[in-house]
Amino acid sequence: RAPLIAVERLTKHFAQRRGLFDRTSRAVRAVDGVDLEVAPGETLGLVGESGCGKSTLGRLVLRLIEPTSGHIRFEGREITTLSREQMRPLRRRMQIVFQDPYGALDPRLTIQSAIGEALRVHGLARGVYEERERIAQLLEKVGLRADHMRRYPHEFSGGQRQRIVIARALAVDPRFVVADEPVSALDVSIQAQIVNLLKDLQDELGLSYLFVAHDLAVVRWMSHRVAVMYLGRIVEVASSDAIWETPKHPYTKALLSAVPTPDPGSRRARIVLEGDVPSPLAPPSGCRFHPRCPIAKKGLCDVRDPALEEKRSGHRVACHLAE
Ligand code: SF4
Ligand code: MG
């Protein structure tokens, strides 16, 4: 199947001033040469420690921020160089749901106004009656009641607000949704409801998701495939099962070893990584993971940058020593 969205060598360097009295700047390599694709109806999970570039990548893919270089193709069409004007009709096909359902809604707008605005921006409601009808349907689709539309955001719980944010994203009939840590700000007891809602909506509407998260258990439940990110690079991509059962990259193995399993007998030995994530201002030479990698080989890993290579069908890894 042709991918719905595909990115190639996608890169974002931010300029950062060196200091208060120093006008020169240096490049923060937030996202550095990423290749990814998401098929129609698929969820690609994107995991990695905070600061690895996940959220930046999610915004780049939608062109909410401009890439420094690389390509983005949506529905087979190159969108990297489209103007704002040319992007507008595509905007409704690609939506984003953010982590914070509190910040995402204007406290002064009723739910009806908030969702109605999204409809009007894209010319999707002819008249007040049709608009109200559409909003009622959307609210019911996300498990709320039609009469909720008259209320304000503060009258809802965190989980309900995230349902409203999802309803607003769906109002414009997207095909692709970036969900950036959509449940991280919610109570654990609510998280499963929202994740299951996203799954049900995917089945019903054939949506594709880029699902950004740091909770691996949630990602596994949600995703068909998973991409693991480290310091602006994808270090491993495979089916969700393959990532879980036969991870090949030492970083993936370390991330997974920290996830508690319900069966203590099958618990993986915990791999504790030394040190912090290095700064993307000055990524380490060779393999970026080498200063923290438990199996790094001197003279190889600190010198040569491993490419993301297919080691088995559908399983790509960036590591010199992965079999
Ligand atoms: Fe570790 Fe070397 Fe593989 Fe990088 S290339 S992950 S340093 S073994
Ligand atoms: Mg983030």
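Residues numbered from 1 in each chain as written. Chains lettered and ligands numbered in written order. Predicted model: local features only at pLDDT ≥ 70, side-chain atom pairs only at ≥ 80, totals over all residues.

Undergrad: Account for the domain arrangement of the protein chain, naming residues and giving values.
TA: Think of interface size as the accessible area that goes away when the parts come together; that is how it is often given. What the domain assignment reports for the protein chain is domain 1 (5-93 + 174-317) and domain 2 (105-173). Of note, the centres of domain 1 and domain 2, computed from C-alpha atoms alone, are 30 Å apart. Contacts between domain 1 and domain 2 engage 12 residues on the former and 12 residues on the latter. With five residues, helix α6 (residues 188-205) is the single largest residue contributor to the side of domain 1 that touches domain 2. (Domains from an automatic or database assignment. Contact = placed C-beta atoms within 7 Å. Helix = DSSP H or I, 4+ residues; strand = E, 2+ residues; numbered from the N terminus.)

Undergrad: Which residues make up the pairing of strand β7 (residues 176-180), and what are the values?
TA: The buried count for β7 comes to five of five residues, which makes it a mostly enclosed element. Because side chains alternate across β7, one face comprises the buried residues F176, V178 and D180, and the other comprises V177 and A179, equally buried. With four bridges connecting them, strand β6 (residues 94-97) and β7 associate as parallel partners. Paired with M94 across the bridge in β7 is F176. As defined by bridge partners, β7 adjoins strand β8 (residues 208-212) across five bridges and the pair is classed as parallel. Among the inter-strand pairings, A179 is bridged to a residue of β8, identified as F211. (Buried ≥ 20, exposed ≤ 12 C-beta atoms within 10 Å, placed from the backbone. Pairing = 2+ DSSP bridges.)

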